[in-house]
Each structure stands twice: as structure tokens, then as C-alpha cells.
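The chain contents come next:
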Amino acid sequence: MPQEGRRAYSDADARQLLGWAKELGCNMVRLAHYPHDERMTRLADSLGLVVWSEIPVYWTIDFSSKEVLQKAEQQLDEMITRDHNRASVIVWSVGNETPVSTVRTNFMHSLLNYARKKDPSRLVSAALEVNYHSKENMRSIDDPLGEFVDIVAFNQYLGWYGGTPESCRTANWSTKYNKPLFISETGAEAVGGFHADDHTLWSEEFQEWYYKEQVDMLKRMPANYSGISPWILADFRSTTTKQPQLPGWVEQQRVDRPQRQQEKSLFYTKGLLPTNATKI
């Protein structure tokens, strides 16, 4: 929990986090990158929020290992067995940002088949890789795993991990898959209460600028674009970071920010997006 620097575990914790999502006008949450406490999906049922639920398969695990595959299948089995009667759950996700290779695609395809076998009634997906080297500012989602998912989801941070938010003005997106297109992550970091001009990194003004440019870009998305899940609803602690200039325990949107400033800039997107979701 951001105001206490601990994990969420209680009914009250679930009410706080999902209550914030409802306050922001969200209709979906992506519970990432692991299955959350069952109180979350139980409360999502009663609040009318739909849920993307995910197992912790991401980045560069050993996709050639039969043991790793068995562990991932066990995680899928436990997640689906526990929550298959939760009306809020609409997507089982088998992973996040897994670099493209033949062995990886076979591994992930196997997990998608496993999830479908366990629960043929729900959608299956994963956060796919993006081809940023397309011509004429065209970013293409042509990850071969897209052939096997029900939703073509991808993470993008134009204007944060490289360039500035104005890079969104010339960016275009495409996919060769005739399936719903979903942005499963986007966002910029900010220190709550830090104010400066909108070109100053870590300021709330920069974060607001980022979302303004993103929203304008989303108006040019392909016809099959279906929604967005900004990263991230509330603070979290992490010992791993790519921002060494921030001291100590670092996370996206610092742990010491005031409680009521959670993802303040998301209010800008409220009512402007076809699917206003967030990640928890």
C-alpha cells in the first residue's frame, strides 16, 4: 500500500485500490504481473470492474526449460482454478514483454493453449513486443505470438523511455492481426507534489503533458483499437530500477507522494478513452 509501504492483503486494501480506480472512471484493471489476492477479484465483481489477470512470466526467463514451462502451467492452473467463477475476470494473460524468438513463441503458445483448455469461455492474451523499426514513424505490432492471442496487447512509452511526449505527434500504429488492439501499459513517472514546467522530468506537469500527447495520438489509432491500461494506479517498492539517479527504493511514481495524488494525471484521460483502465 503506497501510504504505508507494504503489500495489499486485506478487504480494506482492496476497497482502497479498486475504489481509486472507480474514482478515476476506470472500467477495467490489469492485475499485473502476478495473480493478486482473491479479495481483489471478489471485490471487482461487486464493483462492476472487469479484470485482466496474469501470471509472472516476463522478460528473459529460460523458455527452453521444461521445468520452467511446468511451473508456468502450475501458476496458470492455480489462477484459473481459483478465479474461474469470478464474473469480473475476462482475460487470462500468460506473460509480459517476452523477447521474440522461436523458443519463446512456442513456450508462450503452449501456455495459451493450456489456458484455453482450462477455461475455453474466456479471452487469452499477453503483452506483446513492438517493432519500433518500421518506416515512416509506423510502429508495428507484428509479434508472431499475435497469431495465437485473442487480444493484441502491447506496452508503449513514447516520450518517456526515449524522446519527449511530442514524439507522439508523428507516431502511427499498425498490426497485421485482425483482432482487438489494446495498450496494456503506458505512462510517465512523477514525484507527487513536485511542480515545474512541463519539460522537467519527474514533475507532475511533465506527466500531464505526457498524457495529453498520448490522448491526442490515440485519436489516430487503427479502427480495431479498443482501450488502454496506464501504468500504474498506485506506488510500489522495487529494488530493481533503470533510474539510478533516484536514491534508495525506487518505483514508478514515488512511495512518498500524498495519498490522494494517485495517478492524478489520469483525470485528464477520464471520458476521453474508449476503455479507461489502469494497472494495479
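Predicted model, so just to flag it, every value in this text is computed and none were measured. (Residues numbered from 1 in each chain as written. Predicted model: local features only at pLDDT ≥ 70, side-chain atom pairs only at ≥ 80, totals over all residues. Heavy atoms only, no water.)

Before going further, it helps to examine the pairing of strand E6 (residues 152-155). Of the two faces of E6, the one lined by Val152 and Phe154 and the one lined by Ala153 and Asn155 are each fully buried. In terms of strand pairing, strand E4 (residues 123-128) meets E6 through two bridges, oriented parallel. For Ala127, the partnering residue across the bridge sits in E6 and is Ala153. (Buried < 20%, exposed > 50% of the residue type's maximum accessible area, 1.4 Å probe, protein only. Helix = DSSP H or I, 4+ residues; strand = E, 2+ residues; numbered from the N terminus. Pairing = 2+ DSSP bridges.)

This part covers the confidence of the model for the chain. Here the chain shows a mean pLDDT of 87. Residues at 70 or above account for 85%. A low-confidence stretch, residues 247-262 stays under pLDDT 50, and its non-local contacts, those more than four residues away or across chains, total 52 contacts. (pLDDT = per-residue confidence, 0-100. Contact = heavy atoms within 4.5 Å.)

Moving on, we come to helix H5 (residues 204-218). Compared with an ideal rise of 1.5 Å per residue, which puts 15 residues at 21 Å, H5 spans 21 Å between its outermost C-alpha atoms and is within 8% of the ideal. Burial analysis of H5 places 11 of its 15 residues in the buried class, which makes it a mostly covered element. (Expected span 1.5 Å × (residues − 1).)

It is at 9 Å that the axes of helix H1 (residues 11-23) and helix H2 (residues 38-47) come closest, and there the two elements cross at 45°. With respect to H2, the axis of H1 lies oblique. At the point where H1 passes H2, the crossing takes the right-handed sense. Seen from H1, the contacting residues are Asp11, Ala14, Arg15, Leu17, Leu18 and Lys22; seen from H2, they are Arg39, Met40, Leu43, Ala44 and Leu47. Grouping the amino acids of the contact of H1 with H2 by side-chain chemistry returns seven nonpolar, no polar and four charged. (Axes fitted to C-alpha atoms, helices over the stretch in contact; angles between N-to-C directions. Parallel < 35°, antiparallel > 145°, perpendicular 65-115°, else oblique. Left-handed = near helix turned anticlockwise from the far one by under 90°. Nonpolar A, V, L, I, M, F, W, Y, C, P; charged D, E, K, R; others polar.)

This part is about H2. For H2, every residue scored as buried is listed here: Met40, Thr41, Leu43 and Ala44. One side of H2 carries all its buried residues, which in axial view fall inside an arc of 165°. Where H2 is buried, its residues touch H1, strand E1 (28-31), strand E2 (50-54), helix H3 (66-83) and strand E3 (89-96). The N-cap residue of H2 is Asp37: its side-chain oxygen and the backbone nitrogen of Arg39 are 2.8 Å apart. The first or second residue beyond H2 is Gly48, which carries a positive phi of 80°. (Arc of directions from axis to C-beta. Polar contact = N/O pair within 3.5 Å; in protein donor to acceptor, adjacent residues only side chain to side chain.)

The next thing to look at is the packing of H3 against helix H4 (residues 102-118). Packing of H3 against H4 brings their axes to within 10 Å, and their N-to-C directions diverge by 30°. For the element pair H3 / H4, the angle class is roughly parallel. Judged by the sense of rotation from one axis to the other, the crossing of H3 with H4 is right-handed. The residues of H4 that touch H3, namely those facing Val68, Leu69, Ala72, Glu73, Leu76, Asp77, Ile80 and Thr81, are Phe107, Ser110, Leu111, Tyr114, Ala115 and Lys118. Here the contact of H3 with H4 is composed, by residue class, of nine nonpolar, two polar and three charged.

The next subject is the nonpolar core. Formed by 54 residues in total, the largest nonpolar core has its most connected members in Met108, Leu111 and Trp173. Those residues within four positions of Trp173 in sequence are excluded, and the remaining contacts are Val130, Tyr132, Met138, Arg139, Ile141, Phe154, Gln156, Leu158, Met217, Met221 and Pro222. (Core = buried A, V, L, I, M, F, W, Y, C linked by side-chain atoms within 4.5 Å.)

Applying the stated criterion across every chain, the model contains 10 aromatic pairs. When the ring of Tyr58 is compared with that of Trp59, the centres are 5.3 Å apart and the planes differ by 90°; the resulting orientation is edge-to-face. With relative accessibility at 32%, the residue Tyr58 sits in the partly exposed group. Using a relative accessible area of 47% as the deciding quantity, one classes Trp59 as partly exposed. Centroid distance Tyr210 to Tyr211: 5.5 Å. Interplanar angle 85°. Geometry classified as edge-to-face. Assessed through its relative accessible area of 0%, Tyr210 is described here as buried. Residue classification places Tyr211 among the buried positions, given a relative accessible area of 2%. (Phe/Tyr/Trp six-rings, centres within 6.5 Å; stacked < 30°, edge-to-face > 60°.)

Residue position: Tyr211 is located in helix H5. With 25 residues separating them in the primary sequence, Tyr211 and Thr186 have C-alpha atoms 9.1 Å apart.

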